[in-house]
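# Examining the three-dimensional arrangement
Next come the chains, spelled out residue by residue.
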Amino acid sequence: MTTASSSRSLLAALWWVPRGIVFGLMAFFIFGPLANLVLWTVAEKWYFPYSLPLEYGFSSWAKVFAPRGGALDSLRNSLVVAVLTVIVSLILAIPAGYALARLKLPLRSAILLAFLIPQAFPNLTVYVNVARIFYEIGLNGTIPGVVLVHVSHGLVYAVWIATAAFSAIDTELEQAARVTGAGALRAFFDITLPLAAPGLMASAIFVFLESLDEFTGSYFVGAPDVNMLPLLLYTTASGGNYQIASITALLLLIPSLVFMLIVERFLKADVLSRVGH
């Protein structure tokens, strides 16, 4: 009895060994590149075969945020474009999501799938033609042109999540408001919209992050007149300036991590279960 019990205890203890190895490898592949990124942001001198920087400092940070560094201009443009993309996407997604959730529209599933079309084709071939069209109508190299391109991608998240958010709300709440004398618009703004706000907030964050990280559309439609953080990251990395590229990547990474934590708080299970339905 004692021997069997000892064997089970030993097996239970040994079972943690492969699990520990798996979790250790996962942590290495996830946090290893992030640690390397942070090291590059403060590395003054680092070359092969040394595994750690030989000198540390913040001179690269000073270069990035210098008036001629371009980072501040790129950051400002990225934030302006992302905010405008969120506003335009929500203006279009709220009525579309409400209609798809509440009305018995024909080909409803096909309409939802239509918003996936910008994701279904290679971005390069699409944006080359978009850039040609925008050049002819004067939108190439402008912030409105970049916003329109970003909206075409952001609507996927905005409409699908907005539809799920409105679908998760019990229609009897609106009907109760209508019975008490509220009009359709008042019932929507007083009852439905506040209840859908967490889902809409999550969709806004997804659209913001998608816009902030969008490179291909920003390159073909915006460059070189509209500088964006992804474009700065590309040019510095391709030029071998890993310190500046790492700092730019960190500037893109921080809001992504913060907003994803917020999304996890706002996007409830009942909303997620209705995405695509």
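Check the entry above for the structure.
So, how was this worked out
- Per chain, the residues get numbers from 1 upward, laid out in the order the sequence is written.
- For a predicted model such as this one, the threshold for reporting local features is a pLDDT of at least 70, and the threshold for listing and counting side-chain atom pairs is 80 or more; totals across whole chains, interfaces and linings nevertheless cover every residue.
- In computing side-chain properties, one takes all heavy atoms of the structure into account and sets aside hydrogens as well as water.
- In this text, helices come from DSSP runs of H or I with a minimum length of four residues, and strands from runs of E with a minimum of two, each type numbered from the N-terminal end.
- Exposure is judged per residue with a 1.4 Å probe applied to protein chains only, and the accessible area is read against the type maximum: over 50% gives exposed, under 20% gives buried, and values in between give partly exposed.
- Each patch is built from residues that are more than 30% exposed by relative accessible area and take part in no salt bridge. Like charges join if they lie within 9 Å; nonpolar side chains (Val, Leu, Ile, Met, Phe, Trp, Tyr) join within 5 Å.
- Only the protein chains shown count as covering a residue, and every accessible area follows the Shrake-Rupley method with a 1.4 Å probe.
- One side-chain nitrogen of Lys or Arg within 4 Å of one carboxyl oxygen of Asp or Glu is enough to make a salt bridge.
- In this analysis, axes come from line fits to C-alpha atoms, helices being fitted only over the stretch in contact, and the angle between any two N-to-C directions falls in the range 0 to 180 degrees.
- Whether two residues are in contact is decided by their heavy atoms: any pair within 4.5 Å suffices.
- Three residue categories are used. Nonpolar comprises Ala, Val, Leu, Ile, Met, Phe, Trp, Tyr, Cys and Pro, charged comprises Asp, Glu, Lys and Arg, and polar comprises the others, including Gly.
- Crossing chirality is assigned from the near helix's rotation relative to the far helix, an anticlockwise turn below a right angle marking it left-handed and a clockwise turn marking it right-handed.

### Some thoughts on the environment of N123
Take N123: it is sitting in helix α6 (residues 123–137). The class of N123 is partly exposed, set by a relative accessible area of 26%. Expressed as a C-alpha distance, the spacing of N123 and G217, which sit 94 residues apart in the sequence, is 7.7 Å.

### Re a nonpolar patch on the surface
A cluster of nonpolar residues, V80, V83, L84, I87, V88, I91 and L92, forms a patch on the protein surface that exposes about 540 Å² of accessible area. Structurally, I87 can be placed in helix α3 (residues 71–102). Taking relative accessible area as the criterion, I87 reaches 44% and is therefore assigned partly exposed.

### Here's the deal with the packing of α3 against helix α11 (residues 229–238)
Close contact between α3 and α11 brings their axes to 8 Å; oriented N to C, the two are set at 140°. Counting all contacts with α3, which are made through A71, S74, L75 and S78, the residues of α11 involved are L229, P230 and L232. Of the residues contributing to the contact of α3 with α11, the split by class is five nonpolar, two polar and no charged.

### Focus: the packing of helix α8 (residues 171–179) against helix α9 (residues 184–213)
Axis separation between α8 and α9 bottoms out at 9 Å; the angle between their running directions is 145°. Of the two elements, α8 crosses α9, and the hand of that crossing is right-handed. For the pair formed by α8 and α9, the contact residues are L173, E174, A177 and R178 on the first element and A184, A187, I191, T192 and L195 on the second. The residue makeup of the contact of α8 with α9, split by class, is six nonpolar, one polar and two charged.

### Observations concerning the side chain of S89
With respect to the element layout, S89 can be found in helix α3. S89 sits in the buried class, given a relative accessible area of 0%. Setting aside its immediate chain neighbours within four residues, S89 contacts V151, G154, L155, A158 and V207.

### Some remarks on the pattern of salt bridges
Inspection of every chain in the model, using the stated rule, returns four salt bridges. Linking R76 and D73 is a salt bridge whose minimum nitrogen-to-oxygen distance equals 2.5 Å. Of this pair, R76 and D73 are both found in helix α3, three residues apart, which corresponds to roughly one turn of the helix. Take R76: its relative accessible area is 48%, and that puts it in the partly exposed class. Put simply, R186 and D190 hold a salt bridge, and the shortest N to O gap is 3.1 Å. Taken as a pair, R186 and D190 lie in helix α9 at a separation of four residues, close to a single helical turn. In this structure D190 comes out as partly exposed when scored by relative accessible area, which is 44%.

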